[in-house]
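Below, each chain spelled out in residue letters.
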Amino acid sequence: MTHVVITGTGLYTPEHAIDNASLVKAFNAWVDSQNARHADAISRGEREPLSHSSSEFIEKASGIKSRYVLDASGILDPARMRPKLPQRSNDEPSVQCDMATQAAQQALAAANVDAADIELVIVACSNLERAYPAVAVEVQRALGTSGYGFDMNVACSSATFALEIAANAIASGSVKRALIVNPEICSAHLNFTDRDSHFIFGDACTAMVLESSDCAVSDEQYEILGTRLVTKFSNAIRNNAGFLNRVTDSDPLALDKLFVQEGRRVFREVCPMVAQLISSHLASLELSGSDLKRMWLHQANQHMNDLIARKVLGVEPSKAQAPIILDRYANTSSAGSIIAFHLHREQLEGGDIGVICSFGAGYSAGSVVIRRQ
């Protein structure tokens, strides 16, 4: 029987960081400009004045204190309120390719694997910067990997869904080694003028090397004991941007072309779904919450993670049991649980068991149970 192991991870972090205070300052300046612009309509009762945000509100609502982004200047400009990235020519590496190759090189070095030995590249993320050619094939060329590559999108669950696909490909014998990269440019689809969500996202890219255990040489290996995925359709998290916008004559700048969510509904519906997924997955492997040394959960909201971990573990989770990275990185979509795994697997010993779990729009959720070798 072929055993699949994770042998290396990598993380690309943008150089720009925005703390809550800076984000709030820009947002409140924009609010003041809008209220001044529409002062007459507000005075007539035809329009509600916009409200300020605050660092205290953001941290209490989410646990987020800061975020890394590809561009801070455009986001913090009250006259723009979105990142500003220069357009690249077709002959230049794409932004996501640049992010992916930097994270991938770290993962390959950690796994002690040459790029040429990788036979499958999966670029899995919430938003791709173009429809085609596939970013994964561009990454394949940039790194010099063999085999094939493809892009996939299951929103915030993309990384765990890609883990199942790559693990199955290795287990079936079709490839020996696979590379998964998650280049998330979340700031590009965030509405920085929405008080309820302008603080949620950050940018990052993670990478993972998966191998058949019979060819792995890394000193640090995590066997994949099992994967389980679930989807359930919901409009509670949605983005209507797409190629049909042009032919439906819809407004490309309309708010529904950016990230939109019903936060309270998501919390109410997703938390029990994810806790049930993990618990039933563990049970199918003859394990329980008490067997888990660590839970690397999707990093969207600290309250969600605390509740899910508490339901699965049966006790109040410690910071070590369910590490949080969203305070520094914010929500990085599919990269979040992998950042947590990349940064917080210290002190795990041979035989220790953990779960990587992501969840989000779809609804979608993925559970990957692993054991330190």
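Residues numbered from 1 in each chain as written. Predicted model: local features only at pLDDT ≥ 70, side-chain atom pairs only at ≥ 80, totals over all residues. Heavy atoms only, no water.

> When you look at the overall build of the protein chain in this model, what are you seeing that I'm missing?
Helix and strand content of the protein chain: 10 helices and 13 strands. Relative to a compact globule of 373 residues, whose C-alpha radius of gyration would be 21 Å, the protein chain shows 21 Å and is just as compact. Seen along its three principal axes, the alpha-carbon backbone of the protein chain occupies a region of about 75 × 55 × 35 Å. Here the protein chain, with 373 residues, has 53% of them falling under the buried criterion. Of the contacts made within the protein chain by residues no fewer than 6 positions apart, 78% connect residues no fewer than 24 positions apart. Within the structure as shown, the protein chain displays about 16,700 Å² of accessible surface, and the carbon and sulfur contribution to it stands at 49%. Computed over 33 positive and 42 negative side-chain charges, the separation of the two mean positions in the protein chain equals 5 Å. (Helix = DSSP H or I, 4+ residues; strand = E, 2+ residues; numbered from the N terminus. Rg over C-alpha atoms; globule rule 2.2 N^0.38 Å. Buried < 20%, exposed > 50% of the residue type's maximum accessible area, 1.4 Å probe, protein only. Contact = heavy atoms within 4.5 Å. Areas by Shrake-Rupley, 256 points an atom, 1.4 Å probe, with all protein chains shown as cover. Lys, Arg positive; Asp, Glu negative; His and termini not counted. Charge placed at Lys NZ, Arg CZ, Asp CG, Glu CD.)

> Would you mind going over the UniProt feature "domain: Beta-ketoacyl-[acyl-carrier-protein] synthase III C-terminal" (unreviewed entry) in the protein chain with me for this structure?
Within the UniProt annotation, "domain: Beta-ketoacyl-[acyl-carrier-protein] synthase III C-terminal" (unreviewed entry) is assigned to residues 283-371. Secondary structure across residues 283-371 comprises 30% helix and 25% strand; the distance between its end C-alpha atoms is 15 Å. (UniProt positions renumbered as here; feature names shortened; annotations may be inferred.)

> So what exactly am I meant to see when it comes to helix α7 (residues 263-284) here?
The α-helix winds at 3.6 residues per turn, so residues separated by three or four positions along the chain end up facing the same way. Its 22 residues place the ends of α7 31 Å apart at the C-alpha level, agreeing with the 32 Å of an ideal helix rising 1.5 Å per residue. Maximal helix bending in α7 amounts to about 30°, located at Val 270; proline Pro 272 follows within four positions. Listed as buried for α7 are Val 266, Val 270, Cys 271, Met 273, Val 274, Ala 275, Leu 277, Ile 278, His 281 and Leu 282. Residue Glu 286 follows α7 closely and has a positive phi angle near 60°. (Expected span 1.5 Å × (residues − 1). Bend = angle between axes of the 7 residues up to and from the residue.)

> What's the story with the UniProt feature "domain: Beta-ketoacyl-[acyl-carrier-protein] synthase III N-terminal" (unreviewed entry) in the protein chain in this structure? I'm lost.
In this structure's numbering, the residues bearing the UniProt feature "domain: Beta-ketoacyl-[acyl-carrier-protein] synthase III N-terminal" (unreviewed entry) are residues 150-230. Each end of residues 150-230 is marked by a C-alpha atom, and these two atoms are 21 Å apart; helix forms 19% of the span and strand 38%.

> Where do I start with the sheet that holds strand β12 (residues 353-360) in this structure?
Strand pairing in a sheet relies on backbone hydrogen bonds, with the paired strands running either antiparallel or parallel. Strands sit in the order β5-β4-β6-β7-β1-β8-β13-β12-β11 across an open sheet of 9 strands; the sheet is mixed. The open sheet is flanked by β5 (148-152) and β11 (292-297), the only strands paired with a single partner. Neighbour-to-neighbour, the strand axes of this sheet turn through a mean angle of 25°, independent of strand direction. Bridging between strand β1 (residues 4-12) and strand β7 (residues 203-212) involves 8 bridges; their strand directions are antiparallel. Residue Thr 9 lies in a different strand from β7, and its bridge partner there is Met 208. Relative to the sheet, α7 contacts β8 (222-231), β11, β12 and β13 (364-372), its axis offset from that of β13 by approximately 40°. Here helix α10 (residues 335-343) sits on the sheet and contacts β1, β6 (177-185), β7, β8, β11, β12 and β13; the angle it forms with β1, its principal contact strand, is near 100°. (Pairing = 2+ DSSP bridges. Axes fitted to C-alpha atoms, helices over the stretch in contact; angles between N-to-C directions.)

> Just checking my understanding: could you explain the side chain of Ser 158 for this structure?
One can find Ser 158 in helix α6 (residues 158-172). In terms of polar contacts, Ser 158 uses its side chain to reach the backbone carbonyl oxygen of Cys 125, at 3.4 Å. Among the polar contacts listed, one links the side chain of Ser 158 to the backbone nitrogen of Val 154, at a separation of 2.8 Å. (Polar contact = N/O pair within 3.5 Å; in protein donor to acceptor, adjacent residues only side chain to side chain.)

> Even after reading the chapter, I still don't get the pattern of salt bridges, so can you show me in this structure?
Side-chain pairing between opposite charges can occur once the charged atoms of the two side chains come close. The full count for this structure, using the stated rule, is 13 salt bridges. With a closest N to O distance of 3.1 Å, Asp 214 and Lys 176 form a salt bridge. One end of the pair, Asp 214, is in the loop between β7 and β8; the other, Lys 176, is in the loop between α6 and β6, and 38 residues separate them in sequence. Using a relative accessible area of 57% as the deciding quantity, one classes Asp 214 as exposed. Residue classification places Lys 176 among the partly exposed residues on the basis of a relative accessible area of 37%. Of the charged contacts in the structure, one is a salt bridge between Lys 257 and Asp 256, with a shortest N-O distance of 2.9 Å. (Salt bridge = Lys/Arg side-chain N within 4 Å of Asp/Glu carboxyl O.)

> Would you take a moment to explain the packing of helix α1 (residues 20-37) against helix α3 (residues 55-62) for this structure?
Axes are the key here: two packed helices are described by the angle between their axes and the distance separating the axes. Packing of α1 against α3 brings their axes to within 9 Å, and their N-to-C directions diverge by 120°. One finds that α1 runs oblique with respect to α3. Regarding α1 and α3, the two cross each other, and that crossing is right-handed. Only Ser 55, Ile 58 and Glu 59 of α3 make contact with α1, whose side of the interface consists of Asn 20, Ala 21 and Val 24. Split into classes, the residues belonging to the contact of α1 with α3 amount to 3 nonpolar, 2 polar and 1 charged. (Parallel < 35°, antiparallel > 145°, perpendicular 65-115°, else oblique. Left-handed = near helix turned anticlockwise from the far one by under 90°. Nonpolar A, V, L, I, M, F, W, Y, C, P; charged D, E, K, R; others polar.)

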